[in-house]
Amino acid sequence: MASLVRHVTIDCADPYALAGFWAEVLEGTLGEDDKPGDPEVLVDSAGASLLFIRVPEGKSVKNRVHLDLQPQDRSRDEEVERLLALGATVVGDHRRPDGTGWVTMTDLEGNEFCVERSRAERAATGAA
């Protein structure tokens, strides 16, 4: 039997604050024992579990791995606006006039992620 990914681990300066941001993004929950100041904090959600671990060094280069988000109950553009309100930043706008494309954003500590079109948006244009 193949191995399964248990969770994606993200190094950060403030695990509780960053996990709180991602819990909002993913509409997930923090581990019931997690609290401010903890060296690691877990976010459980329907799509993935993310583990945030405190490290002494800050992010210095582009991520080697990033998350691609697909909104489930709203459009890509509505999701981008929601994430901006949560504190994310747009660092690359790859939306095209025909409605295709994606938006590259960063979280509170500069970790990059992308927001793609929703399934409904993809279906409307015949894209997979």
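Everything in this summary refers to the structure shown in the same document.

Ordered by their spatial adjacency, 4 strands build an open sheet running S1-S4-S3-S2, and the pairing between neighbours is mixed. Of all the strands in the sheet, just strand S1 (8-12) and strand S2 (29-30) have a single pairing partner and so form its edges. Examined bridge by bridge, strand S3 (residues 40-44) and strand S4 (residues 49-54) share 5 bridges and lie antiparallel to one another. In the sheet register, Leu42 faces S4, and the bridge partner there is Leu51. Each of S1, S2, S3 and S4 touches helix H1 (residues 15-26); the most contacted strand, S4, lies at about 165° to it.

On to the nonpolar core. Core analysis: the biggest nonpolar cluster contains 20 residues, and Trp22, Phe52, Leu83, Met105 and Phe113 have the highest contact counts within it. Within the residue set of this core, elements represented by two or more residues are S1, H1, S3, S4, helix H2 (76-86), strand S7 (103-106) and strand S8 (112-115). Apart from the residues lying within four places of it in its own chain, the contact partners of Phe113 are Trp22, His66, Leu67, Leu69, Leu83, Ala88, Val103, Thr104, Met105, Thr106 and Asp107.

Spatial strand order, S5-S8-S7-S6: 4 strands in an open sheet with mixed pairing. Both outer strands of the open sheet, strand S5 (67-69) and strand S6 (89-93), are each paired with one neighbouring strand and no more. Taken pair by pair, the neighbouring strands of this sheet meet at an average axis angle of 30°, ignoring direction. Bridging between S7 and S8 involves 4 bridges; their strand directions are antiparallel. Across the sheet, residue Met105 finds its bridge partner in S8, namely Phe113.

Conventions adopted
Residues numbered from 1 in each chain as written. Predicted model: local features only at pLDDT ≥ 70, side-chain atom pairs only at ≥ 80, totals over all residues. Heavy atoms only, no water. Pairing = 2+ DSSP bridges. Helix = DSSP H or I, 4+ residues; strand = E, 2+ residues; numbered from the N terminus. Contact = heavy atoms within 4.5 Å. Axes fitted to C-alpha atoms, helices over the stretch in contact; angles between N-to-C directions. Core = buried A, V, L, I, M, F, W, Y, C linked by side-chain atoms within 4.5 Å. Buried < 20%, exposed > 50% of the residue type's maximum accessible area, 1.4 Å probe, protein only.

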